[in-house]
Amino acid sequence: MSTKIITTLGPASGNPEVLKYFKEHSVEIARLNGSHGIIEEHLRIAKLATNAGLDLMLDLPGPKIRLGEIHDKLLAVKTGEKVIIEKEQEHKENNLKTLPCQFSIEKYTKINDIVYIDDGKLQFRVIKIEKNRIQVEALNSGPVKSHKGVNLPYGTIDIDFLTENDHRLIEKLLPIIKPKYVATSFVKTIDDIYRLKTAIQNSLHNIKNYYPKIIAKIEMAEAIEPVNITSIINECDMIMIARGDLALETTPVHIRVPFIQNDLVQRCQIQNKPFIIATQILESMITCPVPTRAEVSDLYRAVVLDKANYIMLSGEAAVGQYPKECVTIMHDLIQYNKIQTVHTNKKLKTKTIEKKITTKRNLSKIKRKRI
Ligand SMILES: Nc1ncnc2c1ncn2[C@@H]1O[C@H](COP(=O)(O)OP(=O)(O)O)[C@@H](O)[C@H]1O
Ligand SMILES: C=C(OP(=O)(O)O)C(=O)O
């Protein structure tokens, strides 16, 4: 089976014309990211995606630390600027810029730790720790947006696996849209998968003949420990190599992803489990109509070398300027690979036939000589 595409839906792709294009160009699954958007909007987009003939994936946020709602959706920070990160319900007046956070993070940090925001695009150093808030210094400049992820690779996070938000989505959205897949974030052990399955069963107790396939997103250091990963792969229906968080949750940060990807691909193949390669495959195409050479090489690795069952578009399809162009690049590479494979197989076949013929000829020569 050739690789198929998953597209994350959002303002850039939640309309019938784009969804029709997706369906005609190797997209099989539409992903609703439960971390963004309101339930009513997910319901609307889910209906459009189903009408376009796409399968649905509901991606549950899990215990991922995220920023809360930022006033005016965006806050600009400058290198060297001091900023407060505080639990959103515990706001205390101060004269520094303040980033609301969905969880209290002071207990997971130490002075001088680095806090990564928005898949690591922004980095801050911890300079002061107080109850419900930390003070940090920006190590680079940039815009900070609402609901972006916060990663603390040096802290041990003990937030409960299924959050209030997960339960809300499982109870309010799941029974209505009945997605073919439910993806679950920040899985650490097989017990997390059992807990998710129980919560889903409870929510579907009145619904017969429907149960979603479970996708475990691998993005935590604990999940890839040998003692956990084999059983997680075994217990779920599909694995997502969620490289965005994985790059920041494993140390040394940023550089381990390709090594872990290699290991996870092999494990999934040995355990005969379908897998998704996700995140930043065509990141630069959020704002540019063509990919970088490095991105095409990453895509080649996922499709041709790793033979991923699915490759996933996130921001590129949800909020990017070129969602159709991204899908076209992926679709074209998938098709080109198919043609190349047929061509190589044909060449191989011809070579084998030639070899056979040559061997026969040689045989008859030998026979003739003997006579
Ligand atoms: N339904 C949505 N509504 C608005 N914005 C969205 C939606 N889905 C995704 N996005 C935006 O696209 C970005 C990239 O998508 P994704 O990788 O799925 O998110 P994240 O990494 O934050 O979980 C998000 O950070 C968010 O800004
Ligand atoms: C797919 C991922 O998860 P999310 O979009 O929830 O950050 C990821 O971290 O790569």
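The rules behind the values
- Residues numbered from 1 in each chain as written.
- Chains lettered and ligands numbered in written order.
- Predicted model: local features only at pLDDT ≥ 70, side-chain atom pairs only at ≥ 80, totals over all residues.
- UniProt positions renumbered as here; feature names shortened; annotations may be inferred.
- Helix = DSSP H or I, 4+ residues; strand = E, 2+ residues; numbered from the N terminus.
- Buried ≥ 20, exposed ≤ 12 C-beta atoms within 10 Å, placed from the backbone.
- Contact = placed C-beta atoms within 7 Å.
- Core = buried A, V, L, I, M, F, W, Y, C linked by C-beta atoms within 7 Å.
- Domains from an automatic or database assignment.
- Near = placed C-beta within 6 Å.
- Nonpolar A, V, L, I, M, F, W, Y, C, P; charged D, E, K, R; others polar.
- Pairing = 2+ DSSP bridges.
- Axes fitted to C-alpha atoms, helices over the stretch in contact; angles between N-to-C directions.
- Right-handed = clockwise from strand over helix to strand, strands pointing away.
- Parallel < 35°, antiparallel > 145°, perpendicular 65-115°, else oblique.
- Left-handed = near helix turned anticlockwise from the far one by under 90°.
- Expected span 1.5 Å × (residues − 1).
- Arc of directions from axis to C-beta.

If you check an unreviewed UniProt entry, the chain appears there as Pyruvate kinase from Adineta steineri. The UniProt entry for the chain carries this comment under Sequence similarities (unreviewed entry): "Belongs to the pyruvate kinase family." Within the UniProt record for the chain, the comment given under Catalytic activity (unreviewed entry) is "pyruvate + ATP = phosphoenolpyruvate + ADP + H(+)".

Please provide a residue-by-residue account of the overall build of the chain, values included.
Along the chain, the regular secondary structure elements total 11 helices and 16 strands. Viewed in the frame of its principal axes, the chain has a C-alpha envelope of about 105 × 50 × 45 Å. Looking at the 371 residues of the chain, the share that counts as buried comes to 37%. Considering only intrachain contacts with a sequence separation of at least 6, the fraction spanning at least 24 residues in the chain is 73%.

With reference to specific residues and values, describe the nonpolar core.
Counting 94 residues, the largest nonpolar core has Met-57, Ile-218, Ile-239, Ile-241, Ile-276 and Ile-311 as its most contacted members. With five residues, the single largest contributor to this core is helix H11 (residues 323-370). Taken domain by domain, this core gets at least three of its residues from each of domain 1 (4-64 + 158-335) and domain 2 (71-151). When near neighbours in sequence (up to four residues on either side) are disregarded, Ile-239 contacts Ala-216, Ile-218, Ile-233, Leu-264, Cys-268, Lys-273 and Phe-275.

Explain the site of ligand 2 residue by residue, including any values.
Near ligand 2 you find 13 residues, and of these Ala-242, Gly-244, Asp-245, Ala-278 and Thr-279 are the closest. Here the shell around ligand 2 gets three residues from one element, more than from any other, and that element is helix H7 (residues 243-249). Grouping the amino acids of the shell around ligand 2 by side-chain chemistry returns two nonpolar, seven polar and four charged.

Can you lay out the sheet that holds strand S11 (residues 150-151) for me, pointing to particular residues and giving the numbers?
Spatial ordering of the open sheet is given by S6-S5-S9-S8-S7-S11, a layout of six strands whose pairing is mixed. Two strands bound the open sheet, and with one partner strand each, they are strand S6 (97-101) and S11. In terms of strand pairing, strand S7 (residues 114-117) meets strand S8 (residues 122-130) through four bridges, oriented antiparallel. Across the sheet, the residue bridging to Tyr-116 is Gln-123, located in S8.

Run through the UniProt feature "domain: Pyruvate kinase barrel" (unreviewed entry) in the chain, naming residues and quoting values.
When the UniProt feature table is mapped onto this chain, "domain: Pyruvate kinase barrel" (unreviewed entry) is found at residues 2-327. Along residues 2-327 one finds 31% helix and 25% strand; the C-alpha atoms at either end are 15 Å apart.

So what about the sheet that holds strand S3 (residues 55-60)? Which residues, and what values?
Spatial strand order, S1-S2-S3-S12-S13-S14-S15-S16: eight strands in a closed barrel with parallel pairing. The average angle at which neighbouring strand axes cross in this sheet is 25 degrees, direction not considered. Two elements, strand S14 (residues 238-242) and strand S15 (residues 275-278), share four bridges in a ladder whose sense is parallel. What sits directly across from Ala-242, in S15, is Ala-278. Helix H2 (residues 39-51) rests against strand S2 (27-33) and S3 of the sheet, and its axis sits at about 175 degrees to S2.

Can you lay out the domain arrangement of the chain for me, pointing to particular residues and giving the numbers?
The domain boundaries assigned to the chain delineate domain 1 (4-64 + 158-335) and domain 2 (71-151). Residue-level contacts link nine residues of domain 1 with seven residues of domain 2. In the side of domain 1 that touches domain 2, the residues fall into three nonpolar, three polar and three charged.

Explain the pairing of strand S16 (residues 310-313) to me, using residue names and the numbers behind them.
With burial as the criterion, each face of S16 is covered, one bearing Tyr-310 and Met-312 and the other bearing Ile-311 and Leu-313. The pairing of strand S1 (residues 4-8) with S16 spans four bridges and is classified as parallel. When the sheet's bridge partners are listed, Lys-4 is paired in S16 with Tyr-310. Bridge count for S15 against S16 is three bridges, and the pairing is parallel. From the neighbouring strand, Ile-276 faces S16, where its bridge partner is Tyr-310. Handedness of the crossover joining S15 and S16 through helix H9 (residues 293-305): right-handed.

So what's going on with the packing of helix H3 (residues 164-172) against helix H5 (residues 190-203)? Which residues, and what values?
The contact between H3 and H5 brings their axes to 9 Å, and the two run at 40 degrees. The angle between H3 and H5 places the two elements in the oblique class. When the axes of H3 and H5 are compared, the crossing they make is right-handed. For the pair H3 and H5, the contacting residues are His-167, Ile-170 and Glu-171 in the first and Ala-199, Ile-200 and Ser-203 in the second. Of the residues belonging to the contact of H3 with H5, the class tally is three nonpolar, two polar and one charged.

Describe H2, with residues and values.
End to end, H2 covers 18 Å across 13 residues, agreeing with the expected 18 Å (1.5 Å per residue, within 8%). All buried positions along H2 are accounted for by His-42, Ile-45, Ala-46 and Ala-49. Buried residues of H2, viewed axially, fall in a sector of 110 degrees; they line one side. What points out from H2, more than 90 degrees from its buried face, is the exposed set Glu-40 and Asn-51. Trailing H2 by a residue or two, Gly-53 shows a phi angle of about 90 degrees, which is positive.

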